[in-house]
Amino acid sequence: MSPRIQSIDALEILDSRGNPTVRVTVALSDGTVADASVPSGASTGENEAVELRDGDAKRYRGKGVLRAVANVNTEIAPALLGADPRDQARIDAQMIELDGTPNKGRLGANAILGVSQAVARAAAKASHLPLYAYLGGAGAVRLPVPMMNVLNGGKHADSNLDFQEFMIVPHGAPNFVEALRYGAETFAALRGILRKKGYATSVGDEGGFAPQVKSNDEACELIVAAIETAGYRPGTDVAIALDPAASSFYRDGAYHLERSGQEVKSSAEMTAFYAAWLDKYPIISIEDGLDENDWDGFRAQTAALGGRIQIVGDDILVTNPQYIRRGIREKTCNAALIKLNQIGTVTETIEAIQLCRDAGWGFVISHRSGETEDPFMADFAVAMGGGQIKTGSLCRSERIAKYNRLLEIEAALGGAARFGRR
């Protein structure tokens, strides 16, 4: 007889920003115990599943998650006791039904996702399989190319960069272990360049440097210099990816690049701006280059630039099958960012990814700015086989935990391991 869920317990813990989040532990009848921790975003889409917070200003400035914890312990746990942990789709559907809202606002997506991930991990352990093999099957052998955040701006740092993330992509490496080395050496070279220029080398939420550079252009120039200083070829060995998070500087129908002192731009002017950058810098991917409600602008941007680079939708799609279907229908993007906590269950996240596959889109498994040491997403990236992961810079242990887990997976796969975006 297969093991059954014997207990589910939640605990309030802290994430990498020192804010409360949820950890869930699942115990099975065969003695298997597994847990999972839930991340939290700072730059969030308005249509994301609801992260339930207590709102008590006297405790953690209102950010406590005791309500979400209680919902796991008093509502979700009793409903799932005795369930087969291998029946992930049924368990996730049962929690969605129990919540009863379209956005998981009653129980909280943080409560539901914590249980969903912990159940998956428990089922994998009980099946004597690593999580990536349990979720992805025998074909889960592709290690993802990392997008490594090396310069922070926007809501992720107190810098004068309008754009939120400037990333390096070591796509020219032959395998993951070498890709990590390319990235780490480029990151170290960037630190040295910043110091020589008298810039601070303190880091933002995701581990990227947060210097007071002169402009968004200078950020790209510094990265190109770092790639070359590390001994790599810009664009061939190591490329650049951007996440402007444009919703953060969009208001009154226009894009305000105030931090860097640039003028207000229309949607079409932003796309023209990015097009000019493609001619100057080795950029291969732009995520959220426009506001989350600028569907017409996204469509025009994809038509103009999608043949040259990856156009990734994050806030506009929020890992939600409903919005991804619309994006596919309207040719809004050619790739989606995938965040488990944007939608709130493992099953729905896999559904979102399948839509991307069916449409020929790329997809990028992504962390959040408020992370934990849980490497679930590293296994998930290999299980899904999309060949791309975004999990922060080359420092901060909550980011490194994911990279180290990918090193372990590549070593375990041995000669079967594959590497690359496609």
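Every chain is numbered on its own, with residues counted from 1 as its sequence reads. The predicted nature of this model means local features are confined to residues of pLDDT at least 70 and side-chain atom pairs, given and counted, to a pLDDT of 80 or more, with totals for whole chains, interfaces and linings taken over all residues. Side-chain measures were taken over the full set of non-hydrogen atoms in the model, leaving aside hydrogen atoms and water.

Taking an unreviewed UniProt entry as the reference, the protein chain is identified by name as Enolase belonging to Thioalkalivibrio denitrificans. What UniProt records for the protein chain under Function (unreviewed entry) is the sentence "Catalyzes the reversible conversion of 2-phosphoglycerate (2-PG) into phosphoenolpyruvate (PEP). It is essential for the degradation of carbohydrates via glycolysis." UniProt positions are given in the numbering used here, feature names are shortened, and annotations may be inferred rather than shown by experiment.

We now examine the overall build of the protein chain. Helices and strands together make up the secondary structure of the protein chain, namely 13 helices and 16 strands. The C-alpha atoms of the protein chain give a radius of gyration of 21 Å, which matches the 22 Å a tight globule of 422 residues would have. Considered along the principal axes of its C-alpha atoms, the protein chain spans approximately 60 × 50 × 45 Å. Each residue gets one of three labels from its accessible area relative to the maximum for its type: buried under 20%, exposed over 50%, partly exposed in between, using a 1.4 Å probe on protein chains only. When each of the 422 residues of the protein chain is scored for burial, the buried share is 61%. Between the averaged position of the 45 positive side-chain charges in the protein chain and that of its 53 negative side-chain charges there is a distance of 2 Å. A run of H or I in DSSP becomes a helix once it reaches four residues, and a run of E becomes a strand once it reaches two; helices and strands are each numbered from the N terminus. In this description the radius of gyration comes from C-alpha coordinates, and the expected globular size is given by 2.2 Å times residues to the power 0.38. Under the counting rule used here, the positive set is Lys and Arg, the negative set is Asp and Glu, and His together with the chain ends is not counted. To locate a charge, take NZ of a lysine, CZ of an arginine, CG of an aspartate or CD of a glutamate.

For side chains bearing opposite charge, pairing can occur when the charged atoms are close. Salt bridges are defined by distance alone: a side-chain nitrogen of Lys or Arg within 4 Å of a carboxyl oxygen of Asp or Glu. For the coordinates displayed, the defined rule picks out 29 salt bridges. Among the salt bridges present, the one from Arg 106 reaches Glu 75, with a minimum N-O distance of 2.8 Å. Taken together, the residues span a long stretch of sequence, with Arg 106 in the loop between helix H2 (88-99) and helix H3 (109-126) and Glu 75 in helix H1 (residues 66-80) at a distance of 31 residues. Residue Glu 75 is classed as partly exposed on the basis of its relative accessible area of 26%. Note that Lys 339 and Asp 314 form a salt bridge whose closest N and O atoms lie 2.9 Å from each other. Taken together, the residues Lys 339 in the loop between strand S13 (335-338) and helix H10 (340-343) and Asp 314 in the loop between strand S12 (310-313) and helix H9 (321-330) connect sequence positions 25 residues apart. Each of Glu 165, Asp 243, Glu 287 and Lys 390 takes part in one network of salt bridges that share partners.

Turning next to the state of the cysteines. To count as a disulfide, a pair of cysteine sulfur atoms needs to be within 2.5 Å. Under the defined criterion, the tally for this structure stands at 0 disulfides. Unpaired in this structure, Cys 333 has its nearest cysteine sulfur neighbour in Cys 356, at a distance of 9.3 Å. On the basis of relative accessibility, which here comes to 4%, the residue Cys 333 falls in the buried class.

Our next topic: the sheet that holds strand S15 (residues 388-390). When DSSP finds two or more bridges between a pair of strands, those strands are recorded as paired. Within the closed barrel, the 8 strands sit side by side as S5-S6-S7-S11-S12-S13-S14-S15. Their pairing is mixed. Neighbour to neighbour, the strand axes of the sheet diverge by 30° on average, direction disregarded. Judged from the 2 bridges that link them, strand S14 (residues 362-366) and S15 form a sheet pairing that is parallel. Note that in S15 the partner of Ser 366 across the bridge is Lys 390. Every residue pair with non-hydrogen atoms within 4.5 Å of one another is taken to be in contact. Orientation is described by lines fitted to C-alpha atoms, with helices fitted over the stretch in contact, and by angles between N-to-C directions that extend from 0 to 180 degrees. Sheet strands in contact with helix H6 (residues 216-229) are strand S5 (145-152), strand S6 (165-169) and strand S7 (239-243), and its direction is about 20° off that of S6.

Right, let's talk about the domain arrangement of the protein chain for a bit. Those domain boundaries reflect an automatic or database domain assignment. Each assigned domain of the protein chain is listed with its residue range as follows: domain 1 (5-128) and domain 2 (136-419). Taking the mean C-alpha position of each, domain 1 and domain 2 sit 27 Å from one another. The quantity reported as buried area is the accessible area (1.4 Å probe) lost by two parts once they are put together, taken as the sum for both. Taking both partners together, domain 1 and domain 2 bury about 2600 Å²; carbon and sulfur atoms supply 47% of that area. Counting every contact that joins domain 1 to domain 2 gives 5 salt bridges. The shortest N-O distance in the salt bridge between Arg 121 and Asp 374 comes to 2.9 Å. Here a polar contact is recorded for every N or O atom pair within 3.5 Å, except that within protein the pair must consist of a potential hydrogen donor and a potential acceptor, and residues adjacent in sequence are included only if both atoms are side-chain atoms. The interface formed by domain 1 and domain 2 includes 20 residue pairs in polar contact (both at pLDDT 80 or more). For this classification, the nonpolar set comprises Ala, Val, Leu, Ile, Met, Phe, Trp, Tyr, Cys and Pro, the charged set comprises Asp, Glu, Lys and Arg, and every other residue, Gly included, is treated as polar. Grouping the amino acids of the side of domain 1 that touches domain 2 by side-chain chemistry returns 11 nonpolar, 12 polar and 9 charged.

Quick look at the side chain of Asn 149 now. Structurally, Asn 149 is set in strand S5. A distance of 3.5 Å separates the side chain of Asn 149 from the side chain of Glu 165, its partner in a polar contact. When near neighbours in sequence (up to four residues on either side) are disregarded, Asn 149 contacts Glu 165, Phe 166, Met 167, Glu 206, Gly 207, Gly 208, Gly 392 and Ser 393.

Strand residues, when the strand is regular, have side chains that alternate between the two faces of the sheet. Of all the 5 residues making up S14, 5 are buried; the element is thus mostly covered by neighbouring parts of the structure. Judged by which residues are buried, S14 turns out to be covered on both faces: Gly 362, Val 364 and Ser 366 on one side and Phe 363 and Ile 365 on the other are all buried. By convention a crossover is right-handed if, when the strands point away from the viewer, the path from the first strand over the helix to the second runs clockwise. Since S14 and S15 lie parallel, the crossover through helix H12 (residues 376-384) that links them has a hand, and here it is right-handed.

Here the focus is the environment of Ser 248. Within the fold, Ser 248 resides in the loop between S7 and strand S8 (250-251). On the accessibility criterion, Ser 248 (33% relative accessible area) is partly exposed. Put simply, Ser 248 and Ser 369 are 121 residues apart on the chain and 15 Å apart in space, counted from C-alpha to C-alpha. Of note is the side chain of Ser 248, whose polar atom sits 2.7 Å from the backbone oxygen of Ala 245.

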